[in-house]
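An overview of the molecular structure
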Amino acid sequence: MDLSSLNDNQRLAVTTTEGPVMVMAGAGSGKTRVLTMRIAHLIKDHQVKKDNILAVTFTNKAANEMKERIAKLIDDETDRMWVSTFHSFCSRILRGEITRLGGYTRFFTILDDEDSNKIVKDIMKERNIDENPKKFRDWISRKKNYGNLPKLGPLTLEYFDYVYDEYEKHLKDNNLLDFDDLLLKTIELFENHPIVLDHYQDKFEYILVDEFQDTNEVQYKLLKLLSAKNKNIFVVGDDFQSIYSFRGAKIENIKKFLDEYKNTKLILLEKNYRSTTEILEIANAVIKQNPNQIEKNLTSNDKTGKKPIYKCFENSKVEKGFIIDEIKKLLLDGYKYSDIAIIYRANYVSRGYEDLLLKYQIPYKIYGNISFYSRAEIKDMIAYLKLIVNHDDDFAFLRIVNVPRRKIGPTTISKLTDIKNIQETSLFEAIDVLDNDNLNKFKKLILELSDELNNLKNLPDIIDIICEKTGYFDELKRLNDEEVAIDKINNVKEFKSYIARYKYDGDDPLDSLELLLYDLSLLNENDDKLEEEDAVTLSTYHQVKGLEFGVVFLVALEESIFPSLNVVTDKDIEEERRVFYVGITRAKERLFITSAKTRFLFGKETDMIESRFIKEIDKGFYNTLIKKSDKKKKVLKEPKSKSDSKFSAGDIIQHDKFGFGVVIKTDGENAKVAFKQEFGIKDLNLNHPAIKVIKKKN
DNA sequence: CGCACTAGACTTTTT
DNA sequence: GTCTAGTGCG
């Protein structure tokens, strides 16, 4: 392997293959390169088998990216390599071994948060426990992961213990695992079945861990178990970028690792290949405020550029005007939309920026937001698929037994559940006993669908067949307004095309589908974002971790937003500061930081105070570009506002792209306009240059 | 059983 | 300002 493109420390990290190694990798210091090169190096230069390497990440996206990069380096397939998230690693192990734990089958279902919330809620409702189910669910997760609960009153505690037990029982009885269980059951498996542990300890000669600073106690324990024999464990992390402590991530694991793996080789990667010196100066100034961190000083590779800009604006409207102006200038400078990111602390401030880009017809994509796979229509499809593959999947059964409506209500279901419990069968089997017309029809339908699956030429076609046979689309159209229904139908179609893209290894359709379904429960929308469309990114800080952009706007740097209102302790503030640091270090060339004295929040104009983090940056490190004299010119290239009487409902307009449309509703300059069917109803700003009035009403 | 209205929230959340 | 979950009525 040619390692000449690496710097000395990077090369050391790649070639120190034996024993425990920790790499503290600053932002933009090439840690993914090191990880992938190291794996390639093991395979090509040390003749390690692909199967004997385990690499764990936190996101599917990171795992997929690593697989792709390794494939290029070794010029070989990596599809079946053990490069995966903690959760899918565990799921893969459990798929083969879970029966050893007793009470589970390999057809276990993985619950997402929504599912598991619902279970908690149902338990509480049944017992009339008048407490917050979300909180209880949260505590269950905390208890599972590290046992420490907040101080609870005696009654609440009693309720909680009850709910916890019932929840666990319900999961076990129904062959369900929540996300936490995937890890915990794997550990249980390893601890109670030394033969299994032994096998995997031998198998995984080399273990690599990405984003080590984000591991929680359970994940640490899992790594410890797996690496106990060979101790060839390589962890990469950056304590500066630890921003998930609220999810249980333990920055202390870094210290623990160094303590427990005595001869750990610690390697620092401090050379930043991403950002200009000017941007790094700000990043370093911010992170310097935090005590107790592993000393690291990011140095740039002598890239210089423009000084970052910070500006506090009169109000959030002016702030937005500035952002638009700058984006326009950046485009003239040759930047693409996709080079630009607008990053905020909380989703609830995203709206304003989204509206802004919409108004000026700037293409954008919002990162995160509701996951594709958690949309009701997709979950319904998955439930159908699951039930087709495994009739005994009660969880899937319950989800779709009455979707579309089949007149199978709670009373019928409760009767069916009773039979199931007494006879110890599945709900599907219990139908034979109850002999209810509607249920019989449903059973017949599912059996028919299973039949279809076996005669299928093309696996994705099963989606069409499901929709057709169940009348799913008709129900959507009946239940929602047209716009929403079309949206949902398109989502189902997109899901079908996802199935078509999925890589199958078997030729048996049932096997392939089964595998796909396992993968699906751990997937999320961002993982397989396909088209690299040219669009501005809108995102929270948390969701751009690991990404980079030519230009970054960090917006709404105001107390109560950033740092967030709920942040109190010094430790919390330190984490907020790291969040800021993560944002700054996303920028390659240009960085803009903005705040406003008043901001439109929760339906009213609210007074804001500049974030304390701004004061921590030496004023010499940034420019405040706008001078009083050219302020006016700067701010108001905005379309002339509030000539709102210009339009009213019933007016006919013409839009450059959508053609003729009728104004349905106006609210100042914003309006709902109905266009031809293929465009539907749009929310538009009527002052936009693309719009002309054709005919006024009256 | 299904819908319409109202109260309440409105930090981040890789799986 | 806007979304959601929950209730209560037809």
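Up top you'll find the structure we're talking about.
Nothing here was measured: the structure is a model prediction, and the numbers come from that model.

**Observations regarding helix α6 (residues 133–146)**
In this model, α6 (14 residues) spans 20 Å end to end at C-alpha, consistent with the 20 Å of a helix rising 1.5 Å per residue. Every buried residue of α6 is accounted for by F136, R137, W139, I140, K144 and N145. Where α6 is buried, its residues meet α5 (113–126), α7 (154–173), α8 (179–192) and α10 (217–227). Its side-chain oxygen placed 3.0 Å from the backbone nitrogen of K134, N132 serves as the N-cap of α6. Phi turns positive, to about 70 degrees, at G147, one or two residues after α6.

**Here we look at the pairing of strand β1 (residues 21–25)**
Burial runs high along β1: five of the five residues are buried. On β1, burial covers both faces: V21, V23 and A25 on one face and M22 and M24 on the other are all buried. One ladder, built from five bridges, connects β1 with strand β8 (residues 265–269); its direction is parallel. Residue pairing in the sheet places A25 in a bridge with L269 of β8. Sheet analysis places β1 next to strand β7 (residues 233–237), joined by four bridges and oriented parallel. From the neighbouring strand, M24 faces β7, where its bridge partner is G237.

**Details of the packing of aromatic side chains**
To describe a pair of aromatic rings, you give the distance between the ring centres and the angle between the ring planes. Here the structure, examined in full by the defined rule, presents 26 aromatic pairs. Look at Y310 and Y622: their rings are 5.5 Å apart centre to centre, the planes differ by 75 degrees, and that puts the pair in the edge-to-face class. Taken together, the residues Y310 in strand β11 (residues 309–315) and Y622 in the loop between α26 (612–615) and α27 (631–635) connect sequence positions 312 residues apart. Pair check on accessibility: Y310 and Y622 agree, each one buried. Within the aromatic cluster, the residues linked to one another by ring pairs are W82, F89, F190, Y200 and F204. A cation sits over an aromatic face here: R92 above W82, 3.8 Å from the ring centre. Here K320 stacks its cationic end above the ring of Y353, 5.4 Å away from the centre of that ring.

**What about the pairing of strand β12 (residues 340–344)?**
Walk down a regular strand and you will see the side chains alternate between the two sheet faces. Within β12, five of the five residues are buried, which leaves the element mostly enclosed by the surrounding structure. Residues of β12 alternate between two faces, with I340, I342 and Y344 on one and A341 and I343 on the opposite face, all of them buried. Where β12 meets strand β15 (residues 549–554), four bridges bridge the pair, whose relative direction is parallel. Following the sheet pairing, I340 is matched in β15 by V551. Inspection of the sheet shows β12 paired to strand β14 (residues 536–540) by four bridges, in the parallel sense. Each bridged residue has a counterpart across the sheet, and for Y344 the counterpart in β14 is T540.

**With respect to the packing of α8 against helix α9 (residues 194–203)**
Two elements in contact, α8 and α9, have axes whose closest approach is 5 Å; the angle formed by their N-to-C orientations is 105 degrees. As the angle between them shows, α8 and α9 are arranged roughly perpendicular. Residue-level contacts link L189, F190, E191 and N192 of α8 to P194, V196, L197 and Y200 of α9. Its residues assigned to classes, the contact of α8 with α9 shows six nonpolar, one polar and one charged.

About the criteria used
Residues numbered from 1 in each chain as written. Chains lettered and ligands numbered in written order. Predicted model: local features only at pLDDT ≥ 70, side-chain atom pairs only at ≥ 80, totals over all residues. Heavy atoms only, no water. Helix = DSSP H or I, 4+ residues; strand = E, 2+ residues; numbered from the N terminus. Expected span 1.5 Å × (residues − 1). Buried < 20%, exposed > 50% of the residue type's maximum accessible area, 1.4 Å probe, protein only. Contact = heavy atoms within 4.5 Å. Polar contact = N/O pair within 3.5 Å; in protein donor to acceptor, adjacent residues only side chain to side chain. Pairing = 2+ DSSP bridges. Phe/Tyr/Trp six-rings, centres within 6.5 Å; stacked < 30°, edge-to-face > 60°. Lys NZ or Arg CZ within 6 Å of the ring centre and 35° of its normal. Axes fitted to C-alpha atoms, helices over the stretch in contact; angles between N-to-C directions. Parallel < 35°, antiparallel > 145°, perpendicular 65-115°, else oblique. Nonpolar A, V, L, I, M, F, W, Y, C, P; charged D, E, K, R; others polar.

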